[in-house]
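Structure at a glance
As a plain string of letters, each chain reads:
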Amino acid sequence: MSESNEPKEPATDDNRRCGFVAIIGPTNAGKSTLVNALVGAKIAIVSHKVQTTRAPIRGIAMEGDSQIVFIDTAGIFNPKRRLDRAMVEAAWGGLEDADAVLLVLDAATHFGDDVDGIIERLKGARMPKIVVLNKIDRVDDKPKLLELAKDLEERLSPNRIFMISALEGQGIKDLRTYLAGLVPKGPWHYSEDDVTDVPMRTQAAEMTRESVYRFLHQELPYTTTVETTDWKSLKDGSARVEQTIYVERDGQKKIVLGKGGETIKKISSTARHAIEEMAGHRVHLFLFVKVRENWESDPERYREMGLRFPKS
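Remember, predicted model here, so these are calculated numbers, not experimental data.

Cut-offs used in this document
Residues numbered from 1 in each chain as written. Predicted model: local features only at pLDDT ≥ 70, side-chain atom pairs only at ≥ 80, totals over all residues. Heavy atoms only, no water. Helix = DSSP H or I, 4+ residues; strand = E, 2+ residues; numbered from the N terminus. Axes fitted to C-alpha atoms, helices over the stretch in contact; angles between N-to-C directions. Left-handed = near helix turned anticlockwise from the far one by under 90°. Contact = heavy atoms within 4.5 Å. Nonpolar A, V, L, I, M, F, W, Y, C, P; charged D, E, K, R; others polar. Pairing = 2+ DSSP bridges.

Quick word on unusual backbone geometry
Even without glycine at this site, Asn28 takes up a positive phi of about 60°. One non-glycine residue, Ser157, lies in the positive phi region at around 50°. Tracing the backbone through its elements, the reader meets Ser157 in the loop between helix H4 (142-156) and strand E6 (160-163).

Notes on the packing of helix H6 (residues 200-215) against helix H8 (residues 262-279)
For any two helices packed against each other, one specifies the crossing angle of their axes together with the interaxial distance. Between H6 and H8, the least distance of the axes is 9 Å, while the angle of their chain directions is 145°. Considering the relative orientation of H6 and H8, their crossing is right-handed. Residues Met200, Gln203, Ala204, Met207, Thr208, Ser211, Val212, Arg214 and Phe215 of H6 form the contact with H8, whose own contacting residues are Lys266, Ile267, Thr270, Ala271, Ala274, Ile275, Met278 and Ala279. Residue composition of the contact of H6 with H8, grouped by class: 11 nonpolar, four polar and two charged.

Remarks on the sheet that holds E6
Here six strands make up an open sheet; going across it, the order is E2-E3-E1-E4-E5-E6 and the pairing mixed. Either end of the sheet is taken by a strand with one partner, and the two such strands are strand E2 (57-63) and E6. Pairwise comparison of adjacent strand axes, ignoring direction, gives a mean angle of 25° for this sheet. The pairing of strand E4 (residues 100-106) with strand E5 (residues 129-134) spans six bridges and is classified as parallel. The residue of E5 that forms the bridge with Leu105 is Leu133. Helix H1 (residues 31-39) rests against strand E1 (17-24), E2, strand E3 (66-72), E4 and E5 of the sheet, and its axis sits at about 160° to E3.

Scope: geometric values only; no functional claims are made or implied.
Quick look at the structure:
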């Protein structure tokens, strides 16, 4: 029998490693797609809509004897509204307890002022800094990638620069292996079977919000929210799940429902399949749509999302 087929020795406290890696970057750089790829499971929703991620989400990956806890944060941009400020503040807050930081950039787009601002702020960070040039599958001019890497090396002096495609899975293994050796020695914080610490009800609500954005990407603002209001396990092993989609105006409610309820049916069907895959059993999903005006001024809504309520 070859060595690769021999049973793996269980990890001991002496060789275990565990650490937190914060993932930051501008909007739509592919941070959530990267977290899902690194973890090997879908724990963060993905949408073409900017600012899809709101509060930091933890994804847990195992690589050898190392447990890597990834902190997926909202895209960093110039905040204008109260919710914007709360999201950006939470994103930077994800660095406070991190052992390392991944700066994720879209290699296929031009770097603007938002990227410049992130780089300037990261210069003062004491933890290891790793730059990830994502979406390289969309870059035909490969020499451009080397130019980007050289520019970032001069401006930030990162520990490493990786070129990957999170969507295609290119470079993911090398990145995860590197991070496994980077995190400090210490006991694992989670079970080796855990992939996230986000409650199932919250994950289910996020999957429905992803479904809303899938069908109404252009029609609804990113302030649309979803809450799981009830989850009952049934005798046959399935679950009855009730959720409410909150919009800001009555006109938006009509958009979500659609003509003859067609749109809400599509949203419900897609969300139900995603929730069933996550839960591992059948789900009977019931969606309701309600108008919640001026919720951005309600501190309770921010607490429910895991965000601090900005005073102004």
